[in-house]
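For reference, the chains in residue letters:
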Amino acid sequence: MTRVSCQQWGTVPGLGRVDLWVLESPQVKVEVLTLGAIIRSVFSRGKNGQMEDVVLGFDDLEGYLSDKRYLGAVVGRVANRIAGGRFVVDGKEYQLETNNGPNAIHGGVKGFNKALWLATEVQGGVQLSLSSPDGDQGYPGEVQVCVIYTLQGETLTAEYQARSNRTTPINITNHSYFNLAGQAAADVYDHQVSICAQSFLPVDETSIPTGETRAVQGTPFDLRDPVLIGARLKELPGPGFDHNFCLSFPSDPWMERHAARVCHPASGRVLEVSTSQPGVQFYTANFLDGSVQGKGGTKYRKHGAFCLETQNWPDAVNQASFPDCLLRPGEEYHHVTRFTFTTI
């Protein structure tokens, strides 16, 4: 059985009250905020029976309101990068505000991560709903979005649904930063990762996919068998992983697939991720620099966590060979991602 409870956590001036929802099973405890549909914490058990918070975050609301790293948040309307912040839908060009060098990222300056979501209890979890108006952050169409978090035993499920009254690009994910040693641990070099992908997307100097789908074989991006993150980062050009791994292709049917597994041998904690999404962005927190002070005063540093952002391929709205990211009137956007926390 999962216990579900709710308490007020703070107030955002001009927006309203923020609630903290707690989902608790015998194995895992999850905290969710109505601000940004943020996963504030996940407590999971190590092999010694010790419960540890494995998600980076903040002790208070102010931390999340000023956060620019999307800690724990649902990001949208379009997660990841759009080249030049530009795209064309139904013959009309849209120009978004650029908030990541020359590109737009994660839905804009005030994307879904800064919105207050309406929460209602569901069996074993919480449903969070949001109405994104026409023109929100420059995107066309009014979109009704719903994220349902449910906890069953060791598995946290995130289910995403959306409808729009005009054609719009959409790509929703959760941007939790994990460290299986505990959120206060210095780095993730001693974690082992494997990702079930035969190919990945090379990127240009601004992290936009070049359009090529490249086989992982013979490259540092071959994570099909478990590798130590620290050792593999040394083989990688650039600051670290921030790349899309291809889990499925445009011709493949909608289905849930095993995506990734991360193991921390010292604590025995394991995170397994499955998803219906065609890609997962593996990110090794390359841009945390110690300036962000998180829970308990912890300074979050480079490579202090990893993200497994299940999503469509980046810049899909501008790349015809990528999976379709357009949501049209009368259609439903629907994806599922499951995070399972176990021990070895």
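Residues numbered from 1 in each chain as written. Predicted model: local features only at pLDDT ≥ 70, side-chain atom pairs only at ≥ 80, totals over all residues. Heavy atoms only, no water.

1. As for the pattern of salt bridges
Side chains carrying opposite charge are able to pair once their charged atoms draw close together.
And step 1. Applying the stated criterion across every chain, the model contains 13 salt bridges.
And step 2. Of the charged contacts in the structure, one is a salt bridge between Asp 134 and Arg 166, with a shortest N-O distance of 3.1 Å. With Asp 134 in the loop between β12 (125–132) and β13 (143–152) and Arg 166 in the loop between β14 (155–164) and β15 (168–169), this residue pair connects regions lying 32 residues apart in the sequence.
And step 3. Overall, Asp 134 belongs to the partly exposed group, its relative accessible area being 47%.
And step 4. Its relative accessible area of 34% is what places Arg 166 among the partly exposed residues.
And step 5. Look at the salt bridges and you will find they share partners, linking Glu 31, Arg 40 and Asp 59 into a network. (Salt bridge = Lys/Arg side-chain N within 4 Å of Asp/Glu carboxyl O. Helix = DSSP H or I, 4+ residues; strand = E, 2+ residues; numbered from the N terminus. Buried < 20%, exposed > 50% of the residue type's maximum accessible area, 1.4 Å probe, protein only.)

2. As for the UniProt feature "binding site: beta-D-galactose" (unreviewed entry) in the protein chain
And step 1. Under the present numbering, the feature "binding site: beta-D-galactose" (unreviewed entry) in UniProt falls on Asn 80, Arg 81, His 175, Ser 176, Tyr 177 and Asp 242. In the annotation above, Arg 81 are the residues that line the second largest cavity.
And step 2. Along the polypeptide, His 175 turns up in the loop between β16 (173–174) and β17 (192–195).
And step 3. Classification of His 175 by relative accessible area gives buried; the value is 3%.
And step 4. The contact partners of His 175, leaving out residues within four places of it in the chain, are Arg 69, Tyr 70, Leu 71, Gly 72, Ala 73, Val 75, His 106, Tyr 283, Cys 307 and Glu 309.
And step 5. Relative to the elements of secondary structure, Ser 176 occurs in the loop between β16 and β17.
And step 6. With relative accessibility at 3%, the residue Ser 176 sits in the buried group. (UniProt positions renumbered as here; feature names shortened; annotations may be inferred. 1 Å grid on protein atoms, 1.4 Å probe; cavity = no way out; pocket = protein on both sides within 12 Å on 5 of 7 lines; lining within 4 Å. Contact = heavy atoms within 4.5 Å.)

3. Brief notes about the sheet that holds strand β24 (residues 279–283)
And step 1. If you trace the five strands from one edge of the open sheet to the other, you get β19-β18-β21-β24-β27, paired in antiparallel fashion. Taken across any chain shown, the strands that pair with only one partner, and hence form the sheet edges, are β19 (214–215) and β27 (307–311).
And step 2. By the bridge criterion, five bridges tie β24 to β27 in an arrangement that is antiparallel. Looking at the pairing, Phe 282 lines up with Leu 308 of β27. (Pairing = 2+ DSSP bridges.)

4. Quick word on empty space enclosed by the protein
And step 1. Scanning the model with the defined rule gives five cavities of 30 Å³ or more in all.
And step 2. Lining the largest cavity are Leu 96, Glu 97, Ala 104, Ile 105, Gly 107, Gly 108, Val 109, Gln 137 and Tyr 139.
And step 3. For the lining of the largest cavity, a count of residues per class yields five nonpolar, three polar and one charged.
And step 4. The volume enclosed by the second largest cavity comes to roughly 50 Å³.
And step 5. Forming the walls of the second largest cavity are Val 78, Ala 79, Arg 81, Ile 82, Asn 171, Asn 312, Trp 313, Pro 314, Asp 315, Ala 316, Val 317 and Cys 325.
And step 6. Each residue belonging to the lining of the second largest cavity can be placed in one class, and the counts come to eight nonpolar, two polar and two charged. (Points joined across faces, edges and corners; volume = space filled by probe spheres on them. Nonpolar A, V, L, I, M, F, W, Y, C, P; charged D, E, K, R; others polar.)

5. Side note on the environment of Arg 77
And step 1. Secondary-structure assignment places Arg 77 in the loop between β6 (74–75) and β7 (81–82).
And step 2. Note on Arg 77: relative accessible area 1%, which makes it buried.
And step 3. The sequence separation of Arg 77 and Leu 223 amounts to 146 residues, and the corresponding C-alpha distance is 29 Å.
And step 4. For Arg 77, the side chain forms a polar contact with the side chain of Ser 132, separated by 2.8 Å.
And step 5. At 3.0 Å, the side chain of Arg 77 forms a polar contact with the backbone oxygen of Gly 141. (Polar contact = N/O pair within 3.5 Å; in protein donor to acceptor, adjacent residues only side chain to side chain.)

6. Notes on the UniProt feature "active site" (unreviewed entry) in the protein chain
And step 1. Within this numbering scheme, the UniProt entry marks His 175 and Glu 309 as carrying the feature "active site" (unreviewed entry). For this annotated set, covering 135 residues, all C-alpha atoms fall within 6.0 Å of each other, a compact arrangement in space.
And step 2. In terms of polar contacts, His 175 uses its side chain to reach the side chain of His 106, at 3.5 Å.
And step 3. By the element assignment, Glu 309 lies in strand β27.
And step 4. Discounting chain neighbours no more than four positions away, the residues touching Glu 309 are His 106, Thr 173, Asn 174, His 175, Gly 279, Val 280, Gln 281 and Tyr 283.
And step 5. Side-chain polar atoms of Glu 309 contact the side chain of His 175, separated by 3.4 Å.

7. Considering the packing of aromatic side chains
And step 1. In total, this model carries 18 aromatic pairs according to the counting rule given.
And step 2. Look at Phe 87 and Tyr 139: their rings are 5.9 Å apart centre to centre, the planes differ by 20 degrees, and that puts the pair in the stacked class. Of this pair, Phe 87 sits in strand β8 (residues 86–89) while Tyr 139 sits in the loop between β12 and β13, and the two are 52 residues apart along the sequence. A single burial state applies to Phe 87 and to Tyr 139, both of which are buried.
And step 3. Here Tyr 177 and Tyr 283 contribute two aromatic rings whose centre-to-centre distance is 6.1 Å and whose plane-to-plane angle is 70 degrees, an arrangement assigned as edge-to-face. Taken together, the residues Tyr 177 in the loop between β16 and β17 and Tyr 283 in strand β24 connect sequence positions 106 residues apart.
And step 4. Taking relative accessible area as the criterion, Tyr 177 reaches 2% and is therefore assigned buried.
And step 5. A relative accessible area of 6% means that Tyr 283 is categorised as buried.
And step 6. Members of the aromatic cluster, joined through ring pairs, are Phe 200, Phe 221, Phe 241, Phe 245 and Phe 282. (Phe/Tyr/Trp six-rings, centres within 6.5 Å; stacked < 30°, edge-to-face > 60°.)

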